[in-house]
Amino acid sequence: MNKITKMLIICCILIIGACIFQEPLYANSMQRLEFKVSLQKDGSGIVKENRQMNLTEDTEIYIVMENLGGSEISDFKVSDFGVPLEFKPEWDIYASREEKAGKYGMVLTEKGSELCWGIGEYGDHEYEVSYTISGMVRQLKDGQALNWKFFEGAGTYGNPEEFYITIEGPEAFTDENTRIWGFGFAGEMAQGREAYVFLQSSSGK
């Protein structure tokens, strides 16, 4: 992708379960989940996540990356409150919480991979997660398109109270060269020259 020529179509599928309804209580909770996606000229995307969580059970957090359509994940890194975690080449999902503490890794599955890291001490955490996805933007006959599932759903820690996505590109997004669709969430969607921003709140605010 040399540059965004005619039209960039962004379709962000946010499957957040019944977040606009009353949710069951979870021992773990997520106060905020924010994605910042920086699209590159080669069609790849650099993804940075901020996860603010309170954890009282389990041994690890994991992100499911399946059905990638040929895309690959690289440059995976995790930190907690700004302290980098240590990469563990062979991640053992059955290891204890103490063994996983301060470490992260990847697990290959039949449909893709899982990005994993240890919870460590129970309580409040603020994880910064980053990774690169190749081929995130696909070439069409009349432009380029991004269609990506950023969040699978509640898991064992409930839906986030606040949910944001910002997508930036190598060229300014304008009404003339860009179209956007978002669904599966309740909240606001705003367009700027440099990015698209999504806001989702489980409380409907």
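These numbers were taken from a predicted model, which means no experiment stands behind them.

Caption draft 1: Inspection of the sheet that holds strand β4 (residues 60-66) at higher detail. Ordered in space as β4-β9-β8-β7, the four strands form an open sheet in which the pairing is mixed. Two strands bound the open sheet, and with one partner strand each, they are β4 and β7 (86-87). Relative to strand β9 (residues 112-118), β4 runs antiparallel, the two being bridged by seven bridges. Bridged to M65 within β9 is S113.

Caption draft 2: Representation of the pattern of salt bridges. On inspection of all chains with the given rule, the structure shows five salt bridges. A cluster of three or more residues bridged by salt bridges with shared partners is formed by R32, E34 and E162.

Caption draft 3: Just the confidence of the model for the protein chain, in detail. Summarising the model, the protein chain shows a mean pLDDT of 81, and 73% of its residues fall at 70 or more. Long-range and interchain partners of residues 2-6, a stretch whose pLDDT sits below 50, account for 11 contacts in this model, where long-range means more than four residues apart. Scored below 50 in pLDDT, residues 14-23 makes 28 contacts in the model with residues more than four places away or belonging to other chains.

Caption draft 4: Representation of the environment of P89 within the structure. Tracing the backbone through its elements, the reader meets P89 in the loop between β7 and α1 (97-100). Using a relative accessible area of 63% as the deciding quantity, one classes P89 as exposed. In the structure, P89 is positioned 14 residues away from K103 in sequence and 9.9 Å away in space, judged by C-alpha atoms.

About the criteria used
- Residues numbered from 1 in each chain as written.
- Predicted model: local features only at pLDDT ≥ 70, side-chain atom pairs only at ≥ 80, totals over all residues.
- Heavy atoms only, no water.
- Pairing = 2+ DSSP bridges.
- Helix = DSSP H or I, 4+ residues; strand = E, 2+ residues; numbered from the N terminus.
- Salt bridge = Lys/Arg side-chain N within 4 Å of Asp/Glu carboxyl O.
- pLDDT = per-residue confidence, 0-100.
- Contact = heavy atoms within 4.5 Å.
- Buried < 20%, exposed > 50% of the residue type's maximum accessible area, 1.4 Å probe, protein only.

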